[in-house]
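Here is how the chains run, residue by residue.
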Amino acid sequence: LEKLVATIPANATLIFSPENLYYFSGFTGGEGMLYIDKSRLILFTDSRYTHQAKGESPDFEIIDTAQLSVSEFFKSKGDMAYGFEDDYVTFSKFASLKRISPKSVFTPVSSNIDNIRMIKDEYELSLIKKSETLRERENLEERAMDNNDIERERGITILSKNTAIGYKGYKI
């Protein structure tokens, strides 16, 4: 996050995309927005996700949007320069941000975020190595349903097959 704050030409950065919400905060919920500046890390989400957010994003202040809306928050901040994910934010969302804070400057920063995400730390490198090891162990020739040459080549099941398995005394 320090790299993000240092490289963004704005007072604060707004993150909306689920993959970047997860990358920067650990939050896996469906709805949210990160507000990141030099002194505050805030995750806005609705009441369906606040408990989850507190567990997944302990370094962030969690704000339930039913208690404090994003609009109210922006109005309390006054006019500022914000960085935002220009490759994710829709035109209507951008227009909404401009309506909420008309004198604020919104700077596209998706490329800055992408550059930060390209740099891998030791944990990410270990996950990549682990996935490569699992892939090497995978035996693609052994498939339960795709047993003729055309099916194996295309990865689809063409022929009808009668298949059943037993589970807790039931035939499925």
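See above for the structure.
Caption draft 1: Main features of the overall build of the protein chain. If you tally the helices and strands in the protein chain, you get 8 helices and 8 strands. Burial statistics for the protein chain: of 172 residues in total, 31% are counted as buried. Taking the contacts inside the protein chain whose residues are at least 6 apart along the sequence as the reference set, 48% of them involve residues at least 24 apart. Accessible surface computed for the protein chain: about 11600 Å², of which carbon and sulfur atoms make up 52%.

Caption draft 2: Summary view of the pattern of salt bridges. According to the stated counting rule, one finds 2 salt bridges in the structure shown. Salt-bridge contacts for Asp46 lead to Arg48; the nearest nitrogen and oxygen are separated by 2.8 Å. Given a relative accessible area of 59%, Arg48 falls into the exposed group.

Caption draft 3: Just the packing of aromatic side chains, in detail. The tally for this structure, following the rule as stated, stands at 9 aromatic pairs. Ring centres of Phe73 and Phe74 lie 6.3 Å apart, and the angle between their planes is 70 degrees; on these two criteria the pair is classed as edge-to-face. Note on Phe74: relative accessible area 1%, which makes it buried. Judged by centre distance (5.0 Å) and plane angle (80 degrees), the ring pair of Phe74 and Tyr82 falls under edge-to-face. One aromatic cluster is present, formed by Tyr35, Phe44, Phe73, Phe74, Tyr82, Phe84, Phe94 and Phe106 through successive ring pairs.

Caption draft 4: Highlighting a negative patch on the surface. Judged by side-chain charge, Glu19, Asp86, Asp87 and Asp114 come together as a negatively charged surface patch. One can find Glu19 in helix H2 (residues 18–25).

Caption draft 5: Representation of the packing of H2 against helix H6 (residues 110–118) in the model. One way to put it is that H2 packs onto H6 with a least axis distance of 12 Å and a crossing angle of 50 degrees. Classed by the angle they form, the pair H2 and H6 counts as oblique. Between H2 and H6 lies a crossing whose hand is left-handed. Across the interface between the two elements, Glu19, Asn20, Tyr23 and Phe24 from H2 touch Ile113, Ile116 and Arg117 from H6. A per-class count over the contact of H2 with H6 returns 4 nonpolar, 1 polar and 2 charged.

Caption draft 6: Quick peek at the pairing of strand S4 (residues 61–64). Judged from the 4 bridges that link them, strand S3 (residues 41–45) and S4 form a sheet pairing that is parallel. Of the residues in S4, the one forming a bridge with Phe44 is Ile63. Regarding topology, helix H3 (residues 50–56) serves as the crossover connection from S3 to the parallel S4, and that connection is right-handed.

Caption draft 7: The sheet that holds S4, seen in detail. If you walk across this open sheet you meet the 6 strands as S4-S3-S2-S1-S5-S6, and the pairing is mixed. The open sheet terminates on both sides in strands that have one partner only, identified here as S4 and strand S6 (105–108). With direction set aside, neighbouring strand axes in the sheet form an average angle of 25 degrees. When strand S5 (residues 81–84) meets S6, the two strands line up parallel, connected through 4 bridges. Residue pairing across strands places Tyr82 opposite Phe106, the latter belonging to S6. Where H2 meets the sheet, it contacts strand S1 (12–15), strand S2 (33–37) and S3, and its direction lies at approximately 45 degrees from that of S2. Each of S1, S2, S3 and S5 is contacted by helix H4 (residues 70–77), which is oriented at about 15 degrees to S2, the strand it contacts most.

Caption draft 8: View of the nonpolar core. Formed by 18 residues in total, the largest nonpolar core has its most connected members in Leu14, Met33, Tyr35, Phe44, Phe74 and Tyr82. Secondary structure elements with two or more residues in this core: S1, S2, S3, H4, S5 and helix H5 (91–100). In terms of residues, this core owes the most to one element, H4, which gives 3 residues. Phe44 has contacts with Glu31, Gly32, Met33, Tyr35, Ile63, Thr65, Leu68, Val70 and Phe73, leaving out every residue within four places of it along the chain. Counting 16 residues, the second-largest nonpolar core is a separate cluster that includes Phe24, Phe27, Phe60 and Val109.

What counts and what doesn't
- Residues numbered from 1 in each chain as written.
- Predicted model: local features only at pLDDT ≥ 70, side-chain atom pairs only at ≥ 80, totals over all residues.
- Heavy atoms only, no water.
- Helix = DSSP H or I, 4+ residues; strand = E, 2+ residues; numbered from the N terminus.
- Buried < 20%, exposed > 50% of the residue type's maximum accessible area, 1.4 Å probe, protein only.
- Contact = heavy atoms within 4.5 Å.
- Areas by Shrake-Rupley, 256 points an atom, 1.4 Å probe, with all protein chains shown as cover.
- Salt bridge = Lys/Arg side-chain N within 4 Å of Asp/Glu carboxyl O.
- Phe/Tyr/Trp six-rings, centres within 6.5 Å; stacked < 30°, edge-to-face > 60°.
- Patch = residues over 30% accessible without salt bridge, like charges linked within 9 Å, V, L, I, M, F, W, Y side chains within 5 Å.
- Lys, Arg positive; Asp, Glu negative; His and termini not counted.
- Charge placed at Lys NZ, Arg CZ, Asp CG, Glu CD.
- Axes fitted to C-alpha atoms, helices over the stretch in contact; angles between N-to-C directions.
- Parallel < 35°, antiparallel > 145°, perpendicular 65-115°, else oblique.
- Left-handed = near helix turned anticlockwise from the far one by under 90°.
- Nonpolar A, V, L, I, M, F, W, Y, C, P; charged D, E, K, R; others polar.
- Pairing = 2+ DSSP bridges.
- Right-handed = clockwise from strand over helix to strand, strands pointing away.
- Core = buried A, V, L, I, M, F, W, Y, C linked by side-chain atoms within 4.5 Å.

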